[in-house]
Amino acid sequence: MDKLRITGQRVLQGVVQASGAKNAALPLMAAALLTAERVHLHNAPQLMDVRTLAKLLRSLGVRVEQEGGDIHLDAAAVNHFEASYDLVKTMRASILVLGPLLARFGQARVSLPGGCAIGARPVDQHIKGLQALGAQIEVEHGYIVARVSTPSGRLRGARITTDMVTVTGTENLMMAAALAEGETLIDNAAREPEIIDLANLLRGMGAQISGDGSSQIRIQGVQSLQGVEHRIIPDRIEVGTFLCAALATRGDITVQGAEPTHQDALLDKLREAGAHIDTGADWIRLRADALPGGRPRAVSVRTTEYPGFATDMQAQFMAVNCLADGAARMTETIFENRFMHVQELVRLGAQIDIDGHTCVVRGVPQLSGANVMATDLRASAGLVVAGLAAEGQTQIDRIYHLDRGYDAMEVKLRELGADIERIKTSPGG
Ligand code: UD1
């Protein structure tokens, strides 16, 4: 298992290019199942979750080719309708094939994801919504077994209100409803930019969707969808991670290829912490080289659904707060068990108390490098930010979590002046 070795306190400076969004690429790839024509995606990130979904789609009979940032998908010859436990357990987003398979082929068998490091994360809302669209669903031997047995063989539009805001749940239902008979209304829908990106792709394929970006999405089902060419939106979490790293190291960086309007909640918090932020149409510059008192200010944060502060940025922002002047409260409202980075940050000298869903972070003037372990994707990113700012050497173990969701992270950080290297170890080592 590879490790990262970071020698901290190098000030990040320069220009870095954002990759396409992982959380947009995954639903867009799954949407290719909805048509027998070709789907071409541009600006795709090169990372493990994308490769995992490509593998799953291939196992269904989809032709998938990735050349750099281009992914070509051809689902003309799908002949298999099962997503196996082995694939779904490594990536929960595999559930995204359920809606499209059911809508186009009238059948799907998808493993239940089971627990993951950041909580139970059930998929009951996906199931409930698809049942409302007329699917018959049983859970057998750990698999969701779904069928459409309406006279027409198509799902039928319905009014669905999800119990909570769910991103992939909304995406699954949008994809299923796009090919259903009649109109679907999804209430309490997620409003993330990745939802809008999926709606844009589906509209390009001929779907009739409105209201995306609001909490009520209206979909008029169509009989079939066509091929499309589409550019994936920038990864706002990757961008945010670089910005936090720049603030933690008191740097001055510009992220190119970003979409500043997707980052409002984070940019406000970074400004509150004392960073100077400038934005253009597709770039964000953060300057933290002249912080008053030389340290960021502690800033309290509460994670919520978009457009609030993203749970996927909580660990990275916590790393900044660890070094801040003052104390901050950080409250996690989306996932029940998303503070696993805390004990690792404490190993780096951070002062953090956990009380249920809230952490109180008391900033210290300096962190000190240590060996730490990555526990999930964004927790790992938080450790990288902390390691970059810490005095001395930090070694992060189990970075396969990081590789799931970041495209060449250490290469990009090196371009910004970080002293970071990957230590390759043999399999099992
Ligand atoms: C997506 C993102 C992930 C992000 C999360 C929250 C992708 C591929 N992943 O994950 O990076 O952290 O949104 O912004 O886009 N829930 C249920 N039942 C359901 C569905 C969800 O109880 O059927 C709960 C979850 O356990 C969680 C909350 O709802 O507590 C939000 O989860 P959800 O928005 O579904 O997260 P994902 O779509 O899995």
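As a reminder, the structure under discussion sits directly above these lines.
Reference entry: report on the structure contained in this document. The shown structure was predicted, so the numbers you read here are calculated from the model rather than taken from an experiment.

## Describing the overall build of the protein
Part 1 of the reasoning: A count of helical and extended segments in the protein gives 14 helices and 24 strands.
Part 2 of the reasoning: For a compact globule of 429 residues, the expected C-alpha radius of gyration is about 22 Å, and the protein comes in at 22 Å, within 12% of that figure.
Part 3 of the reasoning: Overall, the C-alpha framework of the protein stretches about 70 × 45 × 40 Å when taken along its three principal axes.
Part 4 of the reasoning: Buried positions account for 57% of the 429 residues belonging to the protein.
Part 5 of the reasoning: When contacts within the protein are restricted to residue pairs at least 6 apart in sequence, those whose partners lie at least 24 apart make up 73%.
Part 6 of the reasoning: With the model as given, the accessible surface of the protein reaches about 16,200 Å², and the carbon-plus-sulfur share is 45%.
Part 7 of the reasoning: With 43 positive and 49 negative side-chain charges, the protein shows a separation of 2 Å between the mean positions of the two kinds.

## Some thoughts on helix H4 (residues 98-105)
Part 1 of the reasoning: The buried fraction of H4 amounts to six of the eight residues, a majority that puts the element mostly inside the structure.
Part 2 of the reasoning: All buried positions along H4 are accounted for by Leu-98, Gly-99, Pro-100, Leu-101, Leu-102 and Ala-103.
Part 3 of the reasoning: In the segment just after H4, Gly-106 is the residue with positive phi, at about 75°.

## Re the site of the ligand
Part 1 of the reasoning: Near the ligand you find 19 residues, and of these Asp-124, Thr-166, Thr-168, Asp-312 and Ile-334 are the closest.
Part 2 of the reasoning: Contact distances for the ligand include 2.7 Å between a nitrogen atom and a side-chain N or O atom of Asp-124.
Part 3 of the reasoning: One of the backbone nitrogen or oxygen atoms of Ile-334 is found 2.6 Å away from an oxygen atom of the ligand.
Part 4 of the reasoning: Only helix H5 (124-132) and helix H6 (167-178) provide two or more residues apiece to the shell around the ligand.
Part 5 of the reasoning: The element contributing the most residues to the shell around the ligand is H5, with three residues.

The rules behind each value
Residues numbered from 1 in each chain as written. Predicted model: local features only at pLDDT ≥ 70, side-chain atom pairs only at ≥ 80, totals over all residues. Heavy atoms only, no water. Helix = DSSP H or I, 4+ residues; strand = E, 2+ residues; numbered from the N terminus. Rg over C-alpha atoms; globule rule 2.2 N^0.38 Å. Buried < 20%, exposed > 50% of the residue type's maximum accessible area, 1.4 Å probe, protein only. Contact = heavy atoms within 4.5 Å. Areas by Shrake-Rupley, 256 points an atom, 1.4 Å probe, with all protein chains shown as cover. Lys, Arg positive; Asp, Glu negative; His and termini not counted. Charge placed at Lys NZ, Arg CZ, Asp CG, Glu CD. Near = heavy atom within 4 Å. Polar contact = N/O pair within 3.5 Å; in protein donor to acceptor, adjacent residues only side chain to side chain.

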